[in-house]
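One letter stands for each residue in the lines below.
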There are 2 protein chains.
Amino acid sequence: MRVAAVLAGGKGLRMGTAVPKQYLEILGVPVIIRSINAFIKNPEIDMCIVSVAADYISYVSELIKKHISSDKDIFVIEGGETRGDTLLSVLRFMEDKSILNESIVLTHDAVRPFVTDRIISDNIRAAEKYGACNTCVTAVDTILISSDGEFIESVPDRRTVFHAQTPQSFNARKLYELIKKMSEEDFEKLTDGCSVFTFHNEKVNIVRGENFNIKITYPDDIKRAEDIIIQYFN
Amino acid sequence: MRVAAVLAGGKGLRMGTAVPKQYLEILGVPVIIRSINAFIKNPEIDMCIVSVAADYISYVSELIKKHISSDKDIFVIEGGETRGDTLLSVLRFMEDKSILNESIVLTHDAVRPFVTDRIISDNIRAAEKYGACNTCVTAVDTILISSDGEFIESVPDRRTVFHAQTPQSFNARKLYELIKKMSEEDFEKLTDGCSVFTFHNEKVNIVRGENFNIKITYPDDIKRAEDIIIQYFN
């Protein structure tokens, strides 16, 4: 099976809005619904698991009922405190449903509503072939490294620098086994599935993203998102 | 003296427009004029040097005449083939004018029209104190390093990752001396003034930028720039 896991555990407090940013609307449709729809409408995706904070489960279920009509299963489950815990809750849910083996799981930020069919297909191919992949775009800006935030330590060659987007996609069983091999302490430090693979020195393939596959992070991003829809999704 | 050097040498072919992107208009005002104006209007800036491709010198001079009225000197000079050569042409011009010593030079991308007075002041302070500084913002996305563009090599801790913006500001004489100490071959590999300092293991201070201090790189950025003006500059 190809399972999309839309991760919306976070409270999204950075935006300073009353509503977490995944629930804000872009041209009348909530961000999270746009993200779920991008996967559910893709013919290669069999199922969607949406992981949210406990107090949003019924709210998100209602949103889905209102906005999405699909024969495919969409499960709304409770995420964890951290991104790692949320990932684990998805994998445990898949195990309980006996769909962990031979599945590809595409984990995706709920606040990234502009993932395309091409990106989804490329993720599935790469996860099947390599076990793990991360959607990336090349860096436009120069990136600098500074441990103290005061002085520049190093400037990596721009040709080697990539911005991670999502989806990150995995052989679900392999990801779960790698997590189980880690100490709780090590796992807590990691923020995503790809870090689990790199922690074990396992290869993570790079899949090409899109510059418009943005994360809704700041208030301006809603306006920007509207422009992206007008330009790319009409 | 505090000298702003607005660097517009590039032909800006990435955008796929007939006109290089620094000459596109945002709400009726060309990008390059907005960048020059940000400095010229700042009371701490004494002079502006605008470095452009040879065939744009008269065009830019006309634009400045049309859009800017200021008592301060604005010189339009010919830039080089590379960003490094363009930087050198500015420093040589300053030497010819006998203003290289005891000057701070603030080098700035012509395609970054939203530099603020606060950023300019902080650059002047940092360049005076440390000899070199770079305007930066913290990374929102996770950054990945990959030499082959196929598999992830490392994931630097996000707290240590910064996006370089401009201005980059320098003790002008010191920058010039450091460049003269380098072989032509080494210098050609570098893309900016800060790299000259790091090449010599000299400290470069980090000045806080703004997320809206964007570079006009892609066609969508013009629309985004209009939104930034409406939100931050009205």
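About the criteria used
Residues numbered from 1 in each chain as written. Chains lettered and ligands numbered in written order. Predicted model: local features only at pLDDT ≥ 70, side-chain atom pairs only at ≥ 80, totals over all residues. Heavy atoms only, no water. Helix = DSSP H or I, 4+ residues; strand = E, 2+ residues; numbered from the N terminus. Buried < 20%, exposed > 50% of the residue type's maximum accessible area, 1.4 Å probe, protein only. Contact = heavy atoms within 4.5 Å. Lys, Arg positive; Asp, Glu negative; His and termini not counted. Charge placed at Lys NZ, Arg CZ, Asp CG, Glu CD. Arc of directions from axis to C-beta. Polar contact = N/O pair within 3.5 Å; in protein donor to acceptor, adjacent residues only side chain to side chain. Expected span 1.5 Å × (residues − 1). Least-squares fit on C-alpha atoms with pLDDT ≥ 70 in both. Axes fitted to C-alpha atoms, helices over the stretch in contact; angles between N-to-C directions. Left-handed = near helix turned anticlockwise from the far one by under 90°. Nonpolar A, V, L, I, M, F, W, Y, C, P; charged D, E, K, R; others polar. Buried area = accessible area lost by both parts, 1.4 Å probe. Salt bridge = Lys/Arg side-chain N within 4 Å of Asp/Glu carboxyl O. Phe/Tyr/Trp six-rings, centres within 6.5 Å; stacked < 30°, edge-to-face > 60°. Lys NZ or Arg CZ within 6 Å of the ring centre and 35° of its normal. Disulfide = S-S within 2.5 Å.

Colleague: For this particular structure, what's the right way to read the overall build of chain A?
Modeller: Within chain A, the regular secondary structure consists of eight helices and ten strands. For chain A, the C-alpha atoms occupy an extent of roughly 50 × 40 × 30 Å along the three principal directions. When the 234 residues of chain A are sorted by exposure, 58% land in the buried category. The long-range fraction of contacts in chain A, counting pairs at least 24 apart against all pairs at least 6 apart in sequence, stands at 74%. Across chain A, the mean location of the 28 positive side-chain charges is 4 Å away from that of the 34 negative side-chain charges.

Colleague: Help me understand helix H5 (residues 172–180) of chain B, please; the structure alone is not making it clear to me.
Modeller: Residues three or four positions apart in an α-helix share a direction because the helix packs 3.6 residues into each turn. All names here are of chain B. Of all the positions in H5, only Ala172, Leu175, Tyr176, Leu178 and Ile179 are classed as buried. Looking straight down H5, one finds its buried side chains confined to an arc of 165°; they lie on one side. Of the residues that open H5, the one with a side-chain oxygen 3.2 Å from the backbone nitrogen of Arg173 is Asn171.

Colleague: Any chance you could explain helix H3 (residues 83–96) of chain B here in plain terms?
Modeller: Residues and elements named next belong to chain B. Look at H3: 20 Å from first C-alpha to last across 14 residues, which is about the 20 Å you get at 1.5 Å a residue. Considered for burial, the residues of H3 that qualify are Gly84, Thr86, Leu87, Leu88, Ser89, Val90, Leu91, Phe93 and Met94. Following H3 by one or two positions, Ser98 adopts a phi angle in the positive range, close to 55°.

Colleague: What should I look at first to understand the relation of the copies chain A and chain B in this one?
Modeller: For these two chain copies, the linking operation is a rotation about an axis paired with a shift along it. For the pair chain A and chain B, the superposition axis carries a translation of 0.0 Å, the fit reaches an RMSD of 0.0 Å, and the rotation angle comes to 180°. The operation mapping one copy onto its partner corresponds to a two-fold rotation axis. Identified as the residue of chain A closest to the rotation axis by C-alpha distance is Arg224(A), at 3.2 Å. Both copies present the same face, since 100% of the interface residues in chain A are matched by interface residues at the equivalent positions in chain B.

Colleague: Is there a simple way to think about the packing of helix H1 (residues 31–40) of chain B against helix H2 (residues 57–67) of chain B in this case?
Modeller: A pair of packed helices is captured by two measures, namely the crossing angle of their axes and the spacing between those axes. Residues and elements named next belong to chain B. Between H1 and H2, the least distance of the axes is 10 Å, while the angle of their chain directions is 60°. Seen from above, H1 lies across H2 with right-handed handedness. Seen from H1, the contacting residues are Ile32, Ile33, Ile36 and Asn37; seen from H2, they are Val60, Leu63, Ile64 and His67. When the residues that make up the contact of H1 with H2 are grouped by side-chain class, the tally is six nonpolar, two polar and no charged.

Colleague: I would appreciate a short explanation of the interface of chain A and chain B in the present structure.
Modeller: Accessible area lost upon the coming together of the parts serves often as the stated size of an interface. At the junction of the two partners, chain A supplies 38 residues and chain B supplies 38 residues. The junction of chain A with chain B conceals about 3,700 Å² of combined surface from both sides, 55% of it contributed by carbon and sulfur atoms. Looking only at chain A, the three residues that lose the most surface to chain B are Leu144(A), Phe151(A) and Ile152(A), adding up to 15% of its buried area. Scanning the region where chain A abuts chain B turns up two salt bridges. One salt bridge in this structure joins Lys223(B) and Asp227(A), with 3.8 Å as the shortest N-O distance. Secondary-structure elements contributing two or more residues to the side of chain A that touches chain B are strand S7 (132–138), strand S8 (142–145), strand S9 (161–171), strand S10 (205–208) and helix H8 (220–232) of chain A. The element contributing the most residues to the side of chain A that touches chain B is H8(A), with six residues. Among the residues forming the side of chain A that touches chain B, the class breakdown is 16 nonpolar, twelve polar and ten charged.

Colleague: What is the right way to look at the pattern of salt bridges in this model?
Modeller: Between side chains of opposite charge, a pair can form as their charged atoms come close. Counted by the stated rule, this structure contains 32 salt bridges over all chains. Across the pair Asp157(B) and Arg159(B) runs a salt bridge, and its minimum N-O distance is 2.6 Å. A residue is classified by how much of its surface remains accessible, and Asp157(B), at 34% relative accessible area, is partly exposed. What you see here is one network of salt bridges that share partners, running through Arg2(A), Glu44(A), Arg125(A) and Glu128(A).

Colleague: How should the packing of aromatic side chains be read in this particular structure?
Modeller: Between two aromatic rings, the relevant description is the distance of the centres plus the angle of the planes. Tallied over the entire structure, the rule returns 18 aromatic pairs over all chains. The interplanar angle of 15° and the centroid separation of 4.7 Å between the aromatic rings of Tyr23(B) and Tyr56(B) together place this pair among those described as stacked. A residue pair is termed long-range when its members are at least 10 positions apart, and Tyr23(B) in the loop between strand S1 (2–8) and strand S2 (25–26) and Tyr56(B) in the loop between strand S4 (47–52) and H2 qualify at 33 residues. Residue classification places Tyr23(B) among the buried positions, given a relative accessible area of 5%. Counting every residue linked through ring pairs, the aromatic cluster contains Phe114(A), Phe212(A), Tyr232(A) and Phe233(A). Sitting over the face of the ring of Phe151(B), Lys203(A) holds its NZ or CZ atom 4.3 Å from the ring centroid.

Colleague: Sorry if this is basic, but what is going on with the environment of Gln231(A) here?
Modeller: Of note, Gln231(A) is situated in helix H8. For Gln231(A), a relative accessible area of 45% translates into the label partly exposed.

Colleague: Honestly, the side chain of Asn42(B) in this entry has me stumped. Any pointers?
Modeller: All names here are of chain B. Inspection of the secondary structure puts Asn42 in the loop between H1 and S4. Taking relative accessible area as the criterion, Asn42 reaches 1% and is therefore assigned buried. Leave out the neighbours within four places in its chain, and Asn42 touches Lys72, Asp117 and Ile120.

Colleague: Could you clarify how one ought to interpret the state of the cysteines in this entry?
Modeller: By definition, a disulfide links the sulfur atoms of two cysteine residues through a covalent bond. Counted by the stated rule, this structure contains zero disulfides over all chains. You can see Cys194(A) has no disulfide; the closest cysteine sulfur is in Cys133(A), sitting 7.0 Å from it. The buried category is assigned to Cys194(A), whose relative accessible area is 3%. For Cys136(B), which is in no disulfide, the shortest distance to another cysteine sulfur is to Cys194(B) and amounts to 7.7 Å. Residue Cys136(B) is classed as buried on the basis of its relative accessible area of 3%.

Colleague: Is there a simple way to explain the environment of Asp192(A) in this structure?
Modeller: Residues and elements named next belong to chain A. Inspection of the secondary structure assignment puts Asp192 in the loop between helix H6 (184–189) and helix H7 (193–199). C-alpha of Asp192 to C-alpha of Thr107: the two residues are 85 residues apart in sequence and 9.1 Å apart in space. If near-sequence neighbours (up to four positions away) are discounted, Asp192 is found in contact with Leu87 and Gln168. Among the polar contacts listed, one links the side chain of Asp192 to the side chain of Gln168, at a separation of 2.7 Å. In this structure the side chain of Asp192 is engaged in a polar contact, spanning 2.2 Å, whose partner is the side chain of Ser195.

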